[in-house]
Amino acid sequence: MGIQSITKNLLALIKSEGRKVSLQKKEIIQSTETSSKLCYIKGGYVKKYMITNEGNVRIQIIYGPGDVFPLSIAFKVLFDQDLYVGPEVYYYETMTHCEMVTLDKDKLTENTRDDVYLYRDLLSEAGRRLYFNIQRLENSSLPSSYQRVAHQITFYAEVFGQTNSRGVKIKLPMTQQDLADVLSTTRETVSLSISELRKKGLIKTERYWLIPDLGKLKEESFSISDNS
């Protein structure tokens with residue numbers, strides 16, 4: 001499962017010029033105000049989120065093994081282009097123990113001058129982020145919370161899932177509260193949708209999330225439903 005991960009030239013640069021870092025669960029890596037390094041995840045999961053004025057957490061994206069972030073650094077150092085200029089501060093926090101490699105932005109600048117293929121690799125990574133953003137737009141257009149929950153779980157199964165004899169296992173350590181924070185809704189709303197999906201046999205919540213039939217879950221997310 002999953003879509004194409006980091007390409008070979010960028011990965012080679014990160015491994016040769018980067019610094020290995022081991023982080024425990026719930027560590028803040030950096031924020032949009034302090035970002036100065038490109039981070040590559042060898043193992044583990046990281047969430048990017050903001051805290052609203054009301055004190056609510058809003059998760060923008062979850063990164064997993066093979067992901068690189070934040071790409072905003074690349075656009076800034078290579079093109080002097082700011083991808084976000086708003087007042088909000090976004091934080092990057094580990095959801096599990098993480099093994100990472102960090103690359104200083106100056107190293108990225110130096111090496112892209114000598115290797116034009118790095119631009120291709122960075123464009124490929126930008127395409128992955130575009131894929132994630134298109135999914136968010138599609139999710140927000142769905143008419144019910146039930147469909148949005150089913151749609152989001154389908155997405156995580158496609159990106160982070162591992163297929164076995166029982167279906168697709170999502171190793172992402174995602175709680176119902178995490179899912180609520182991604183969808184900007186309440187945990188209670190997510191809980192009701194999860195219960196309905198369990199009753200229909202579309203998901204199983206054991207140690208990990210298990211999707212017996214990913215195709216059926218995807219169909220459910222676009223079906224006409226009385227759930228709200």
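Provided above is the structure to which this section pertains.
Okay, so let's go over this structure. Note that the structure is predicted; figures quoted are calculated from it, not measured.

### A word on unusual backbone geometry
- Here the bond from Phe69 into Pro70 is cis, since omega is -15°, no more than 30 degrees from zero.
- Tracing the chain through its elements places Pro70 in the loop between β6 (68-69) and α2 (72-79).
- Phi at Lys26 is positive, roughly 70°, even though this residue is not glycine.
- With respect to the helices and strands, the residue Lys26 is situated in the loop between β1 (19-23) and β2 (28-31).
- In this structure, Asp80 is a non-glycine residue whose phi angle is positive, near 55°.
- Within the element layout of this structure, Asp80 appears in the loop between α2 and β7 (91-94).

### With respect to the packing of aromatic side chains
- This model, assessed by the stated rule, comprises 13 aromatic pairs.
- Ring centres of Phe79 and Tyr119 lie 6.2 Å apart, and the angle between their planes is 50°; on these two criteria the pair is classed as tilted. Linking Phe79 in helix α2 with Tyr119 in helix α4 (residues 117-140), this pair joins segments that are 40 residues apart in sequence.
- For Phe79, a relative accessible area of 47% puts it in the partly exposed group.

### Some thoughts on helix α3 (residues 105-114)
- Of the positions making up α3, those classed as buried are Leu108, Thr109 and Thr112. The arc that holds the buried residues of α3, viewed along the axis, is 100°, so those residues lie on one side. In α3, the exposed positions that point more than 90 degrees away from the buried face belong to Arg113 and Asp114.
- Check the buried side of α3 and you find it contacts α1 (8-17), β3 (37-43), α2, β8 (98-104) and α4.
- At the N-terminal boundary of α3, the capping side chain belongs to Asp104, with an oxygen 2.9 Å from the backbone nitrogen of Asp106.

### Points about the pairing of β3
- For β3 and β8, the ladder comprises 6 bridges, and the chain directions are antiparallel. Across the sheet, residue Gly43 finds its bridge partner in β8, namely Glu99.
- Two strands pair when backbone bridges link them, and β3 and β6 are joined in this way by 2 bridges, in the antiparallel orientation. Pairing of Tyr40 across the sheet is with Val68, part of β6.

### Describing the environment of Arg148
- On the secondary structure map, Arg148 appears in helix α5 (residues 145-160).
- With a relative accessible area of 21%, Arg148 lands in the partly exposed category.
- Along the chain, Arg148 and Glu138 lie 10 residues apart, while their C-alpha atoms are 9.1 Å from each other.
- Sequence-distant contacts of Arg148, that is, excluding residues within four places in its chain, are made with Asn139, Ser140, Leu142 and Leu183.

### Structural notes on the sheet that holds strand β4 (residues 46-51)
- Overall, antiparallel pairing links the 4 strands, which are arranged β2-β7-β4-β5 in an open sheet. Edge strands, defined here as strands with exactly one partner in the open sheet, are β2 and β5 (57-63). Going from strand to strand, the sheet's axes swing by 25° on average, the running direction of each strand aside.
- Where β4 and β7 come together, 4 bridges link them in antiparallel fashion. When the sheet's bridge partners are listed, Val46 is paired in β7 with Thr94.
- Of the strands in this sheet, β4 and β5 touch helix α6 (residues 176-183), which is tilted by about 100° from β5.

Procedures and definitions
- Residues numbered from 1 in each chain as written.
- Predicted model: local features only at pLDDT ≥ 70, side-chain atom pairs only at ≥ 80, totals over all residues.
- Heavy atoms only, no water.
- Helix = DSSP H or I, 4+ residues; strand = E, 2+ residues; numbered from the N terminus.
- Phe/Tyr/Trp six-rings, centres within 6.5 Å; stacked < 30°, edge-to-face > 60°.
- Buried < 20%, exposed > 50% of the residue type's maximum accessible area, 1.4 Å probe, protein only.
- Arc of directions from axis to C-beta.
- Contact = heavy atoms within 4.5 Å.
- Polar contact = N/O pair within 3.5 Å; in protein donor to acceptor, adjacent residues only side chain to side chain.
- Pairing = 2+ DSSP bridges.
- Axes fitted to C-alpha atoms, helices over the stretch in contact; angles between N-to-C directions.

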